Amino acid sequence: MNYSIIYVFYFVIFLCFNLTQAQNITDKQILKHIKGKEIAWITGESNLAKVKMKSTKKWGIYNIDAYYDLDEAVIDFDEVVAPKFDSIGWFKNMEPFTIVKIKKKYGILLNPYEIHDAAERANCIYDAIKLKEVDGRFYALIKQNEKWGLVDWFEDVVLVDPTFDNPEDVPLVWIEGCAKDMFVASKKRLKADILIFDEGNGDGVFKARKKATKKWGIYQSLGENDLKTLIPAKYDSIRFFGYNSKYTAVYNKGKVGMHLSYWSYNDNTKLSVPCIYEDYKNFNADGVLKLAMKKDGKWGWVNWLTGKEESEFKYETLDDLPYPYYKQDIWIED
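## Let's talk about the packing of aromatic side chains
Okay, so step 1: On inspection of all chains with the given rule, the structure shows 15 aromatic pairs.
Okay, so step 2: With centroids separated by 4.8 Å and ring planes inclined at 55 degrees, the aromatic side chains of Y323 and Y325 adopt a geometry described as tilted.
Okay, so step 3: Among the aromatic residues, those joined into a cluster by ring pairs are F183, F197, F206 and Y219.
Okay, so step 4: The positively charged end of K207 is found above the aromatic ring belonging to F240, 5.0 Å away from the centroid.
Okay, so step 5: The cationic tip of K290 hangs over the ring face of Y326; the distance from NZ or CZ to the ring centre is 4.4 Å.

Structural data, given as structure tokens:
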């Protein structure tokens, strides 16, 4: 008789019996051991479960390892997130935070495997929170007093005050960690509800909207105590300066004008073209920047330095415009 074959046969039976037994450890057994009331296993996560504790009725996250050692049930568990929330989500698709709830208010929970005090940092003060991903960046839209805004999900710093009726209307402001202190200081100093950095510039340039007037300006800050006004907050909307641009577009009451660049004109910077036009288009005329603008549905040429209209406004399309032979000065004469 081949005893080795018999040994292997019984060993396999033994393993199968123990595996079957392991599968028979129930949620009820686990809850009794943990002193929990409810359990919800997290899909796609090995051994992770949300557990509602019997004594506090609060939810936490636990890593649970339940198995049979011979005929004895073994249940080991580690607390991942302390049970302090009325509801709790979990991380999916590389999301950097999830949403938790306490007493009908919502907060942001960072990944506890990366932030050891994630549960303590969760500040449940918002009426609602939406997570939004755009171009690989994650944003936390928050609702307070029936209005939507934006917070930095890591620092829980308000980036855009909650002043919007719909979350889709909130500008998605992004700041790097190194700029946070400067952002907070500038926002407070300007009494602004929105700051938007010029990511294409990278030298501390940003747009800010005054909370009281809802008017935009452009500023530059290279430190917490360094703030320079490039364009005063007088406009309904405003464009950032292009690379080495002498001017940029500003808008009031649906009409566009042009404001000169502080970097080019220093103290002589000003609104050079009033906000009375419907549209504009820049042209390169033999190496000289020329400006076409639209007024009363017709196109014409405007001197962007002085605001002088250099042609009649009678052309239906840009293609109908005559060649701009007029002299376009670049510098302001003293």
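## What to know about the side chain of Q220
Okay, so step 1: Take Q220: it is sitting in strand β14 (residues 216–223).
Okay, so step 2: Note on Q220: relative accessible area 10%, which makes it buried.
Okay, so step 3: Among the polar contacts listed, one links the side chain of Q220 to the backbone oxygen of D203, at a separation of 3.0 Å.
Okay, so step 4: Those residues in contact with Q220 that lie beyond four places of it in its chain are D203, G204, V205, D226, L227, K228, L230 and W263.

## Remarks on the pattern of salt bridges
Okay, so step 1: Here the structure, examined in full by the defined rule, presents 17 salt bridges.
Okay, so step 2: Note that K295 is salt-bridged to E309, the shortest N-O span being 2.8 Å. Pair noted here: K295 is in strand β21 (residues 288–295) and E309 is in the segment after β22 (298–302), with a separation of 14 residues, a long-range link.

## A look at the sheet that holds strand β19 (residues 271–277)
Okay, so step 1: Strand order in the open sheet made by the four strands is β16-β17-β18-β19, with antiparallel pairing throughout. Of all strands in the sheet, those bounded by a partner on one side alone are β16 (237–238) and β19.

## Comments concerning helix α4 (residues 180–190)
Okay, so step 1: Buried within α4 we find K180, M182, F183, S186, K187 and L190. Along the long axis of α4, the arc covered by the buried residues comes to 160 degrees, so they all point the same way. Among the exposed residues of α4, those pointing more than 90 degrees away from its buried face are K188 and R189.
Okay, so step 2: Summarising the contacts, the buried residues of α4 are in contact with β11 (158–164), β12 (192–197), β13 (205–210), β14 and β15 (226–235).
Okay, so step 3: Just downstream of α4, K191 is the residue with a positive phi angle, here 55 degrees.

What counts, and at which threshold
Residues numbered from 1 in each chain as written. Predicted model: local features only at pLDDT ≥ 70, side-chain atom pairs only at ≥ 80, totals over all residues. Heavy atoms only, no water. Phe/Tyr/Trp six-rings, centres within 6.5 Å; stacked < 30°, edge-to-face > 60°. Lys NZ or Arg CZ within 6 Å of the ring centre and 35° of its normal. Helix = DSSP H or I, 4+ residues; strand = E, 2+ residues; numbered from the N terminus. Buried < 20%, exposed > 50% of the residue type's maximum accessible area, 1.4 Å probe, protein only. Polar contact = N/O pair within 3.5 Å; in protein donor to acceptor, adjacent residues only side chain to side chain. Contact = heavy atoms within 4.5 Å. Salt bridge = Lys/Arg side-chain N within 4 Å of Asp/Glu carboxyl O. Pairing = 2+ DSSP bridges. Arc of directions from axis to C-beta.

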